[in-house]
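Summary of structural features
In case you want the letters, here they are:
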Amino acid sequence: DAGVTQSPTHLIKTRGQQVTLRCSPISGHKSVSWYQQVLGQGPQFIFQYYEKEERGRGNFPDRFSARQFPNYSSELNVNALLLGDSALYLCASSLGGNQPQHFGDGTRLSIL
Amino acid sequence: AQSVAQPEDQVNVAEGNPLTVKCTYSVSGNPYLFWYVQYPNRGLQFLLKYITGDNLVKGSYGFEAEFNKSQTSFHLKKPSALVSDSALYFCAVRGLSSGSARQLTFGSGTQLTVLP
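Summarised in this report is the structure supplied together with it. Here the structure is a predicted model, which means the values were calculated and not measured.

With that settled, consider unusual backbone geometry. Here the residue pair S7 of chain A and P8 of chain A is connected by a cis peptide bond, since its omega of -10° sits within 30 degrees of zero. Note that P8 of chain A resides in the loop between β1 (5-7) and β2 (10-13). One non-glycine residue, Y72 of chain A, adopts positive backbone phi at about 75°. The topology assignment puts Y72 of chain A in the loop between β7 (64-68) and β8 (74-78). For N41 of chain B, which is not glycine, the phi torsion reads 60° and is therefore positive.

Residue and element names in this part refer to chain A. Evaluation of the coordinates by the stated rule reveals 10 salt bridges over all chains. Between R22 and E75 there is a salt bridge, and its shortest N-O distance comes to 3.4 Å. Here R22 is found in strand β3 (residues 19-24), whereas its partner E75 is found in strand β8, with 53 residues between them in sequence. For R22, a relative accessible area of 42% gives the class partly exposed. Note on E75: relative accessible area 12%, which makes it buried.

Let's shift gears to the interface of chain A and chain B. The partner chain B presents 17 residues to the 20 residues of chain A that form the contact. Counting each side, the surface lost to burial between chain A and chain B is near 1,500 Å², with a carbon and sulfur contribution of 49%. On the chain A side of the interface with chain B, the three residues burying the most area are N98, F103 and D105 of chain A, jointly 32% of the side's total. One can count one salt bridge joining chain A with chain B. Applying the counting criterion to the chain A and chain B interface returns four residue pairs in polar contact (both at pLDDT 80 or more). The residue inventory of the side of chain A that touches chain B, partitioned by class, reads seven nonpolar, 11 polar and two charged.

Residue and element names in this part refer to chain A. Reading across the sheet, the four strands line up as β1-β3-β8-β7 and stay open at both edges, with antiparallel pairing between neighbours. Across the chains shown, the open sheet's two edge strands, defined by having one partner strand only, are β1 and β7. Direction aside, neighbouring strands of the sheet carry axes that sit 15° apart on average. The pairing of β1 with β3 spans three bridges and is classified as antiparallel. Bridging across to β3, S7 finds its partner in R22.

Let's shift gears to the packing of aromatic side chains. Each aromatic ring pair is described using two quantities: the centre-to-centre distance and the angle formed by the ring planes. This model, assessed by the stated rule, comprises 15 aromatic pairs over all chains. When the ring of F60 of chain A is compared with that of F64 of chain A, the centres are 5.1 Å apart and the planes differ by 65°; the resulting orientation is edge-to-face. Overall, the relative accessible area of 2% leaves F64 of chain A in the buried class. An aromatic cluster is defined as three or more aromatic residues linked by ring pairs; in this entry it consists of Y35, F45 and F103 of chain A together with F34, Y36, F46, F90 and F106 of chain B.

Calculation rules
Residues numbered from 1 in each chain as written. Chains lettered and ligands numbered in written order. Predicted model: local features only at pLDDT ≥ 70, side-chain atom pairs only at ≥ 80, totals over all residues. Heavy atoms only, no water. Helix = DSSP H or I, 4+ residues; strand = E, 2+ residues; numbered from the N terminus. Salt bridge = Lys/Arg side-chain N within 4 Å of Asp/Glu carboxyl O. Buried < 20%, exposed > 50% of the residue type's maximum accessible area, 1.4 Å probe, protein only. Contact = heavy atoms within 4.5 Å. Buried area = accessible area lost by both parts, 1.4 Å probe. Polar contact = N/O pair within 3.5 Å; in protein donor to acceptor, adjacent residues only side chain to side chain. Nonpolar A, V, L, I, M, F, W, Y, C, P; charged D, E, K, R; others polar. Pairing = 2+ DSSP bridges. Axes fitted to C-alpha atoms, helices over the stretch in contact; angles between N-to-C directions. Phe/Tyr/Trp six-rings, centres within 6.5 Å; stacked < 30°, edge-to-face > 60°.

Here it is, written out as structure tokens:
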């Protein structure tokens, strides 16, 4: 079975641009979460969606937004990119409840 | 607010020796606790979880973890380390209350190096 897939794998942008990252969850998983992992740190929670509704938001500015589609895939959008947005962006899916989250390999975003 | 501390940035152990990676947590109420492993240029891979019940939890690849409520700890252990266990290990906690406490909070990670 396919795991969580994320696209693109790598992305280079310049300051002020906008970016959209995509995530396809494991089949049957209705919950999708997004995390930002800066080099040398643990992942920081950005958003969680369940059944297309936002269930949680981390301490990130309004430049960050996300949505979940009827097929449970998800997009993360970041506007007005800053140098500090350079990071590995991870998507995780789960069945919900007490079940563990399963992560994709991430999108490496570099801001020049 | 919930938090996780991994006090060791780096742990070195000889192949065949037992290993321990330490984790302490802070959360309101009963915790859900998780261990994940990350290999270079990859996402996080689930190892094991504690929800309730037996304090010793067994997971993937021979890893286990011991939940200690009085010490608010959830240390990861393996009886005999392999060189292939070398990776970055993350402890995470999730609370049971509503709102943001239900989100996963990760520690800063511990780099495990198993020496041949």
